[in-house]
Amino acid sequence: MLPSRAVRLISVAVALAGPVVAPVPSGDVDLVPALTSTPFGAVGGQLVTHTILVSGTGVGSLTGVRLTFTTTVGLDGVAASASQGHCSVVDALTVVCELGVVDFPDADTAPPKITITGTVKPGAARGALVQNLVDVTSEPSDADVSNNAASNAYLIPGLSGSPTSRPGAAQSSDAAQSSDGARRRPGYLVPVAGAVLVLGALAGLILLRRRHS
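What counts, and at which threshold
- Residues numbered from 1 in each chain as written.
- Predicted model: local features only at pLDDT ≥ 70, side-chain atom pairs only at ≥ 80, totals over all residues.
- Heavy atoms only, no water.
- Disulfide = S-S within 2.5 Å.
- Helix = DSSP H or I, 4+ residues; strand = E, 2+ residues; numbered from the N terminus.
- Buried < 20%, exposed > 50% of the residue type's maximum accessible area, 1.4 Å probe, protein only.
- Salt bridge = Lys/Arg side-chain N within 4 Å of Asp/Glu carboxyl O.

Trainee: An account of the state of the cysteines is needed here, citing residue identities and associated values.
Mentor: In the structure shown here, the tally under the stated rule is one disulfide. What pairs with Cys87 in a disulfide is Cys97, and their sulfur atoms sit 2.0 Å apart. Residues Cys87 and Cys97 are joined through a disulfide that is right-handed, its torsion about the S-S bond being 105°. Separated by 10 residues along the polypeptide, Cys87 in strand E5 (residues 86–91) and Cys97 in strand E6 (residues 94–104) bring together distant segments of the chain. The pair Cys87 / Cys97 is uniform in exposure class, with both members buried.

In structure tokens, the structure reads:
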């Protein structure tokens, strides 16, 4: 049995400390990333910036938050930064950012923001699929892992292997376009039409001579 004085001291300490608040489990927080690529539809040799915001629903903290960015067409001179934690450029196709502990909501701090820049490789083939994908994970997992990814995609303008996609390739005569966009008629139609008229006139003269004879 503790002496009555010790019991009173413990009671006073508990009262000063206030009620004990249990931490909110991470399962109550849902991570939702958003990806923006500018300019969208960048071609080979063009600088592109990918911006990712990691927002969340619910109240609580998530630990071990990791963001992985991948693309299907490599970038030259890749650089990546994050508003918290750090990013590592794995290769021309992959960037991994360790964001650590993320609190939701936090009125004093904006959601984690990641910025990735690079130049689309000049040798990227026309018609190639560019797909940018972001995936966010945590330990333990958040409340809904089905919305932990964001992506966008487009085809580099021009059809690979088509005559018009190769620099300097000539258009076929029946598909040539005028400056106002109207389809021009092939040049060979003019002499053909003239020959038809001449033959028609000759046939008419022959018929007239036969009637008079």
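Trainee: With reference to specific residues and values, describe the pattern of salt bridges.
Mentor: By the definition in use, this model includes two salt bridges. Between Arg66 and Glu98 there is a salt bridge, and its shortest N-O distance comes to 2.7 Å. Taken as a pair, Arg66 in strand E3 (residues 60–71) and Glu98 in strand E6 lie far apart in primary sequence, 32 residues in all. Take Arg66: its relative accessible area is 40%, and that puts it in the partly exposed class. Glu98 sits in the partly exposed class, given a relative accessible area of 26%. Two residues, Lys121 and Asp76, come together in a salt bridge whose shortest N-O distance is 2.6 Å. One end of the pair, Lys121, is in the loop between strand E7 (113–120) and strand E8 (129–137); the other, Asp76, is in strand E4 (residues 75–82), and 45 residues separate them in sequence. Its relative accessible area of 34% is what places Lys121 among the partly exposed residues.

Shape descriptors only; they carry no functional weight alone.
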